[in-house]
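The primary structure of each chain is shown beneath.
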Amino acid sequence: VHLYVAGEAPLRKLLEELTATLNLQAEISFLGQVSHAELMRIYQDRLVDIFVLPSVELDSENHEGVPVSLMEAMSFGIPCVSTKTGSIEELLEEKLGMTVAQKNAQELAEKIDSLIQDPVLYKKTSTLGGEILISRWTSSSSVMNLLREMKLSNAEKINLAMD
């Protein structure tokens, strides 16, 4: 297992120091800021097997929405593990079983390990994640879900689609 940490954050220097102290430089790479094009190439070339997005809610106004970064990884069939913060669970639905309580590093590690150790779970999570993404989060599925929520009649749906 190799951990790639992408992005810039205030804790990067501390994490790099901890990596050195624990002698984990061979297992952890800090990529810094990665362009969107490069990230998509990394996904396309299957250089990432699991995407992990730990997040914490700072307060009622500072939390995750539905992260596009998770959607992007899922679109390449990459299983995702994240925290039960903000709106993440709208994307990583309960049936995936891949969200954990915020600030629970042990549970997060257990979810990651379960994907590493169990190829059947890995494949199931990869497939189900893609199905969820297509059924609820593409532009066309989002429009259809919105129309269902609005409970428009079939005639009204057809008129709206033709406009």
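Structure first, text after, so check above.
Computed from a predicted structure; not experimentally measured.

Draft legend 1. The arrangement of a nonpolar patch on the surface in detail. A grouping of L11, L14, L15, L18 and L22 is seen on the molecular surface, where their side chains present a nonpolar patch of about 480 Å² in accessible area. For L15, the location among the structural elements is in helix α1 (residues 12–21).

Draft legend 2. Structural view of the environment of L121. Tracing the backbone through its elements, the reader meets L121 in helix α6 (residues 119–137). With 109 residues separating them in the primary sequence, L121 and R12 have C-alpha atoms 32 Å apart. The residues touching L121, leaving out its near neighbours within four places in the chain, are M98, S114 and L115.

Draft legend 3. Structural context of the packing of aromatic side chains. This model, assessed by the stated rule, comprises two aromatic pairs. Look at Y43 and F51: their rings are 6.4 Å apart centre to centre, the planes differ by 80°, and that puts the pair in the edge-to-face class. Of the residues examined, F51 reaches a relative accessible area of 13% and is grouped as buried. Relative to F76, the ring of Y43 has its centre 5.7 Å away and its plane inclined at 55°; by these criteria the two rings are tilted. Residue Y43 is found in helix α2 (residues 36–44), and its partner F76 is found in the loop between α3 (68–75) and β4 (80–83); the two are separated by 33 residues along the sequence. Under the relative-accessibility criterion, Y43 is labelled buried at 2%.

Draft legend 4. Representation of the pairing of β4 in the model. Neither face of β4 is exposed, since C80 and S82 on one face and V81 and T83 on the opposite face are all buried. Where strand β3 (residues 51–53) and β4 come together, three bridges link them in parallel fashion. When the sheet's bridge partners are listed, V52 is paired in β4 with V81. Tracing the backbone out of β3, into α3 and back to the parallel element β4 gives a crossover that is right-handed.

Draft legend 5. Geometry of α6. Helix length check: α6, at 19 residues, gives a terminal C-alpha distance of 26 Å against a target of 27 Å (1.5 Å per residue), a fit within 8%. For α6, the set of buried residues is L121, Y122, T125, S126, L128, G129, G130, I132 and L133. Buried residues in α6 make contact with α3, α4 (88–91) and α5 (105–117). Where α6 begins, the side chain of D118 points an oxygen toward the backbone nitrogen of V120, at a separation of 3.1 Å.

Draft legend 6. Structural detail: α3. Among the residues making up α3, those that are buried are L70, M71, E72, A73 and M74. The inward-facing, buried residues of α3 contact α2, β3, β4, α4 and α6. One or two positions beyond α3, positive phi appears at G77, with a value near 75°.

Draft legend 7. The pairing of strand β2 (residues 28–32), seen in detail. The pairing of strand β1 (residues 3–6) with β2 spans four bridges and is parallel. In the sheet register, Y4 faces β2, and the bridge partner there is S29. Note that the unit made of β1, α1 and β2 has a crossover that is right-handed.

Draft legend 8. Region of interest: the packing of α3 against α6. As a packed pair, α3 and α6 sit with axes 8 Å apart at the nearest point and diverge in direction by 120°. One element, α3, and the other, α6, form an angle in the oblique class. The interaxial crossing formed by α3 with α6 has left-handed handedness. Contacts between α3 and α6 involve M71, M74 and S75 from the first element and G129, G130, L133 and W137 from the second. Of the residues in the contact of α3 with α6, the class split is four nonpolar, three polar and no charged.

Thresholds applied
- Residues numbered from 1 in each chain as written.
- Predicted model: local features only at pLDDT ≥ 70, side-chain atom pairs only at ≥ 80, totals over all residues.
- Heavy atoms only, no water.
- Patch = residues over 30% accessible without salt bridge, like charges linked within 9 Å, V, L, I, M, F, W, Y side chains within 5 Å.
- Areas by Shrake-Rupley, 256 points an atom, 1.4 Å probe, with all protein chains shown as cover.
- Salt bridge = Lys/Arg side-chain N within 4 Å of Asp/Glu carboxyl O.
- Helix = DSSP H or I, 4+ residues; strand = E, 2+ residues; numbered from the N terminus.
- Contact = heavy atoms within 4.5 Å.
- Phe/Tyr/Trp six-rings, centres within 6.5 Å; stacked < 30°, edge-to-face > 60°.
- Buried < 20%, exposed > 50% of the residue type's maximum accessible area, 1.4 Å probe, protein only.
- Pairing = 2+ DSSP bridges.
- Right-handed = clockwise from strand over helix to strand, strands pointing away.
- Expected span 1.5 Å × (residues − 1).
- Polar contact = N/O pair within 3.5 Å; in protein donor to acceptor, adjacent residues only side chain to side chain.
- Axes fitted to C-alpha atoms, helices over the stretch in contact; angles between N-to-C directions.
- Parallel < 35°, antiparallel > 145°, perpendicular 65-115°, else oblique.
- Left-handed = near helix turned anticlockwise from the far one by under 90°.
- Nonpolar A, V, L, I, M, F, W, Y, C, P; charged D, E, K, R; others polar.

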